[in-house]
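# Fold and geometry: a report
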Amino acid sequence: MLALFITLSAALSLLVWGEIGSARPAAMTVAQPQMPAPGPLRRPGRKADPQPPQPLLRLTDFTPGDLIELELPGALPRADDIHFVPLPGGDTRVQIAGEDVLILAGVDAAILSPDIFRLRRLSAA
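Residues numbered from 1 in each chain as written. Predicted model: local features only at pLDDT ≥ 70, side-chain atom pairs only at ≥ 80, totals over all residues. Heavy atoms only, no water.

## Considering the pairing of strand E3 (residues 68–72)
Burial of the side chains of E3 is restricted to one face: Ile 68, Leu 70 and Leu 72 are buried, whereas none of Glu 69 and Glu 71 on the reverse face is. With 5 bridges joining them, E3 and strand E7 (residues 117–121) adopt parallel strand pairing. Looking across to E7, one finds that Ile 68 is bridged to Phe 117. (Buried < 20%, exposed > 50% of the residue type's maximum accessible area, 1.4 Å probe, protein only. Helix = DSSP H or I, 4+ residues; strand = E, 2+ residues; numbered from the N terminus. Pairing = 2+ DSSP bridges.)

## Topic: unusual backbone geometry
We note that Ala 97 has phi near 55°; this positive angle belongs to a residue other than glycine. Mapped onto the elements, Ala 97 comes out in the loop between strand E5 (92–96) and strand E6 (99–104). On the basis of relative accessibility, which here comes to 54%, the residue Ala 97 falls in the exposed class.

## A look at the pattern of salt bridges
Going through the model one piece at a time under the given rule, you end up with 7 salt bridges. Asp 100 is paired through a salt bridge with Arg 93; the nearest N and O atoms lie 3.8 Å apart. With a relative accessible area of 35%, Asp 100 lands in the partly exposed category. One connected set of salt bridges, linked through shared partners, spans Glu 69, Glu 71, Arg 118 and Arg 120. (Salt bridge = Lys/Arg side-chain N within 4 Å of Asp/Glu carboxyl O.)

## Remarks on the environment of Pro 86
In this fold, Pro 86 is placed in strand E4 (residues 82–86). Look at Pro 86 and you get exposed, because its relative accessible area is 57%. Taking the C-alpha atoms as reference points, Pro 86 and Asp 108, separated by 22 residues in sequence, lie 7.0 Å from one another. Those residues within four positions of Pro 86 in sequence are excluded, and the remaining contacts are Asp 91 and Ala 109. (Contact = heavy atoms within 4.5 Å.)

And the structure:
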């Protein structure tokens with residue numbers, strides 16, 4: 001029984017050590033817009049949108065093998081809802097269910113897959 005306990009403890013220690021060594025936090029900065037988006041056409045007398053669109057988050061030190069954890073409202077998207085769009089300059093825009101989510105700086109879109117994400121549903125507070 002003692003040998004089983006020691007073996008299990010060693011196995012869990014190696015697992016935790018491997019996870020700590022492979023996953024590292026990625027630094028985030030806010031991306032500057034690439035091109036100004038055309039504003040919506042309005043009729044005279046209508047009020048403008050109350051909030052302008054927020055700039056996308058920009059991950060500057062993402063490397064293959066890192067995981068990105070995201071909390072999303074509503075139902076979690078399927079893997080085929082996640083798209084990687086190459087941008088000029090070697091960056092990649094990540095779109096989930098048609099929405100721009102973030103930019104990965106200096107990462108080629110061709111080497112990415114939806115497996116880099118760990119998705120959770122946003123908890124209602």
